Amino acid sequence: MRVSLSTDSITNTKADLLIVGVRSLRGDRDKTFGAVKKAMGSGFEGVLKAEGFEAKSGQTLKVPGRGRIKADFVLLVGLGSGTPTERAARKLAIRACRAAKRQKSAALVLPESTPEMVRAATDGFVTGVYRYTDYKTGSRRPKGGLKSAALLVDDKKRGDLRDALNAGKIVGESMNLARDLVNGPPNDLNPLTLAETAKAQAKEHGLQCTIWNKAQIKKAGMELFLAVNRGSAIEPRMIHLVHKPRDSKGKVVKADKKVCFVGKGLTFDSGGLCLKPGKSMLDMKCDMAGAAATLGIALAAARLNLPVEVHAVIGSTENMTGAEAYRPGDVFTSLDGKTVEIINTDAEGRLVLADCLAWARELKPDYLIDHATLTGASMVALGPRRASLFCNDDDFAAAYGGAAETADESFWRMPLDEDLRGMLDSHIADLKHTGASWGGSITAALFLREFIGKGTKWCHLDIAGPAFIDRTHGRHPKGGTGFGVATGVSFLEGL
Ligand code: BES
Ligand code: MN
Ligand code: ZN
């Protein structure tokens, strides 16, 4: 998808599809629509009436340009009254992608020529055309969809608008990469191929990349991580990427802040010996969505050359039922020395994360942030579209919430209830790894907290719901959503 800025007028822009957000049908209240109405000539108002188009929020109408304007078709999208926001700009772009059947090129009239609108419309176009087609063959592979989009602005040479376009493109592409990884079938997307993809992407975008194999993970002492891997025929991998900012000559410069992202990378979660029922297992290729978001954020940070040092640490394995699989009742020693009694082998994510967090904290980051499809309980608490945010620092939580607002992703802060910590006390080891049945996302977070060390500002994002969805919703298609990438980037930009 090519997105560019253009100063063409509404009537002169040549495109297969022109998208116009409409605030009011009265030309004196809505100048853009006024211009369209004038150009389309008599009969146009009759068409609007016949089709019942009243510019209500979300209403759309696609009409042919009939040579009255240069575009072949016009897509009118009701914005409702009120000042249009950057969200409206993104929605217009996504609507355009869905409405374009045979149209290849689009032109979008931005409600305002601001960097925020340009960025949102650009990420909207880039993510709006996304379809996962890797496993469709021959004529079954869809060919349709927009190939290019022009954003109509008042000055296409403005540096701030060009930067915004570039940022929107990078965030959109990073979300799409995360979606691809989540959608990848687990027989092909396994810890080894995930690590290869990370390595190739790191090389392409100039990040340092270290991949740890099983022997190296073992040598480091990550027994909890390895316990989860025991039942799998495929080796685990730990992936570590680093972005360091560079000056205009390409020399690495010192950053004021260091942020470390950690991601759960279960390429398949069968539940282990505590096997999941078939229906719940079906979606479990999505259990590496935290790793995908982590990777997407680090790559975007590097491509944007953000002035922050960014680390991405990913623990990747399958959770399977092989002869050597770990069992309920087993006890393992974590990287930081605490012994852990295994209760339910389906609570595997927190074990992998515990060792990765304990390793990451030694990097001494200013902020430690983990993404994980960790608990069904998070979805029970907040529904399937919102992620749980656990944080041990109020300012940090507020900053992350603000970034989510800007990025248009939904989180909700959840409590790290001290009261529930007792549920993790074990009879025979230092800790049990699951609590009782209630408050499952909270006890999971409390378990992780045991491994972040003293004084680390830490945020745990349980993205089990929004990382993978069963039908198209809002800006996302069915399947992997790339949830978390936009907020992570926005948080880094705000530092
Ligand atoms: N990967 C799952 C959580 C999950 C559920 C992600 C649904 C996405 C959609 C996780 O490993 C898991 O199985 N958690 C258990 C924990 C329980 C055994 C304490 C759960 O939520 O049931
Ligand atoms: Mn599980
Ligand atoms: Zn899992």
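Residues numbered from 1 in each chain as written. Chains lettered and ligands numbered in written order. Predicted model: local features only at pLDDT ≥ 70, side-chain atom pairs only at ≥ 80, totals over all residues. Heavy atoms only, no water.

So, the pattern of salt bridges
Using the criterion set out here, one finds 26 salt bridges in the structure. Across the pair Asp28 and Arg26 runs a salt bridge, and its minimum N-O distance is 2.9 Å. Given a relative accessible area of 53%, Asp28 falls into the exposed group. Put simply, Arg87 and Glu405 hold a salt bridge, and the shortest N to O gap is 3.3 Å. (Salt bridge = Lys/Arg side-chain N within 4 Å of Asp/Glu carboxyl O. Buried < 20%, exposed > 50% of the residue type's maximum accessible area, 1.4 Å probe, protein only.)

Looking at the coordination of the manganese ion (ligand 2)
Four donors placed tetrahedrally about a metal ideally form angles of 109.5 degrees, and six donors placed octahedrally ideally form angles of 90 or 180 degrees. With distances of 2.1 to 2.2 Å, the protein atoms coordinating the manganese ion (ligand 2) are Asp269 (OD), Asp346 (O), Asp346 (OD) and Glu348 (OE). Every donor counted, the six donor atoms about the manganese ion (ligand 2) form angles of 73 to 168° at the centre, which fits irregular coordination. Separating the manganese ion (ligand 2) from the zinc ion (ligand 3) is a distance of 3.1 Å, and Asp269 supplies a donor atom to each of them. Judged by relative accessible area, Glu348 falls into the buried class, the value being 0%. (Donors = N, O, S within 2.8 Å, 3.2 Å for Na, K, Ca; no water. Tetrahedral: all angles 85-135°; square planar, octahedral: opposite > 155°, others 65-115°.)

Considerations on the sheet that holds strand E8 (residues 237-243)
Read from one edge to the other, the open sheet built from eight strands follows the order E7-E8-E10-E9-E13-E17-E14-E15, with strand pairing classed as mixed. Of all the strands in the sheet, just strand E7 (208-212) and strand E15 (411-413) have a single pairing partner and so form its edges. If you compare each strand with its neighbour and ignore which way they point, the axes differ by 20° on average. For strand E9 (residues 258-269) and strand E10 (residues 309-319), the ladder comprises 11 bridges, and the chain directions are parallel. (Pairing = 2+ DSSP bridges. Helix = DSSP H or I, 4+ residues; strand = E, 2+ residues; numbered from the N terminus. Axes fitted to C-alpha atoms, helices over the stretch in contact; angles between N-to-C directions.)

Here we look at the side chain of Ser388
Within the element layout of this structure, Ser388 appears in strand E14 (residues 387-391). A polar side-chain atom of Ser388 sits 2.7 Å from a polar atom in the side chain of Ser378. Ignoring sequence-local partners within four residues, the contact set of Ser388 consists of Ser378, Leu382, Trp412, Met414, His460, Leu461 and Asp462. (Polar contact = N/O pair within 3.5 Å; in protein donor to acceptor, adjacent residues only side chain to side chain. Contact = heavy atoms within 4.5 Å.)

Things to note about the coordination of the zinc ion (ligand 3)
Here the zinc ion (ligand 3) is held by the protein donor atoms Lys264 (NZ), Asp269 (OD), Asp287 (OD) and Glu348 (OE), which lie 2.0 to 2.4 Å from it. Metal-centred angles of 78 to 175° between the six donor atoms at the zinc ion (ligand 3) mark the site as octahedral. Coordination of the zinc ion (ligand 3) draws on donor residues from a single chain, spaced K-x4-D-x17-D-x60-E in sequence.

A word on the sheet that holds strand E16 (residues 431-432)
Reading across the sheet, the three strands line up as E11-E12-E16 and stay open at both edges, with mixed pairing between neighbours. Strand pairing shows two members of the sheet lacking a second neighbour, strand E11 (331-333) and E16, which therefore form its edges. Bridging between strand E12 (residues 339-341) and E16 involves two bridges; their strand directions are parallel. Considered in E16, the bridge of Glu341 is made with Lys432.

Points about the domain arrangement of the chain
Examined at the domain level, the chain breaks down into domain 1 (2-129) and domain 2 (172-493). Taking only C-alpha atoms into account, the centre of domain 1 sits 40 Å from that of domain 2. At the interface, nine residues of domain 1 touch 15 residues of domain 2. Here domain 1 and domain 2 share an interface that buries about 960 Å² over both sides, 38% of which is from carbon and sulfur atoms. Connecting domain 1 to domain 2 are five salt bridges. Run the count over domain 1 and domain 2 and you get seven residue pairs in polar contact (both at pLDDT 80 or more). For the side of domain 1 that touches domain 2, the elements supplying multiple residues, two or more each, are helix H3 (86-99) and helix H4 (115-128). Sorting elements by how many residues they give to the side of domain 1 that touches domain 2 places H3 first, with five residues. The residue inventory of the side of domain 1 that touches domain 2, partitioned by class, reads two nonpolar, one polar and six charged. (Domains from an automatic or database assignment. Buried area = accessible area lost by both parts, 1.4 Å probe. Nonpolar A, V, L, I, M, F, W, Y, C, P; charged D, E, K, R; others polar.)

Let's talk about the packing of H4 against helix H5 (residues 159-183)
Across the interface, H4 lies against H5 with an axial gap of 7 Å and an inter-helix angle of 30°. Accordingly, the angle class assigned to the pair H4 and H5 is roughly parallel. Seen along the crossing, H4 lies across H5 with a hand that is right-handed. A per-class count over the contact of H4 with H5 returns nine nonpolar, five polar and six charged. (Parallel < 35°, antiparallel > 145°, perpendicular 65-115°, else oblique. Left-handed = near helix turned anticlockwise from the far one by under 90°.)

Let's talk about the pairing of E8
Burial analysis of E8 places seven of its seven residues in the buried class, which makes it a mostly covered element. Side chains of E8 alternate between two faces, with Arg237, Ile239, Leu241 and His243 and Met238, His240 and Val242 buried alike. Of the strand pairs in this sheet, E7 and E8 are connected by five bridges, and their pairing is antiparallel. Paired with Gln208 across the strands is Val242, a residue of E8. Summarising the sheet, E8 and E10 pair through seven bridges and their orientation is antiparallel. For Met238, the partnering residue across the bridge sits in E10 and is Gly315.

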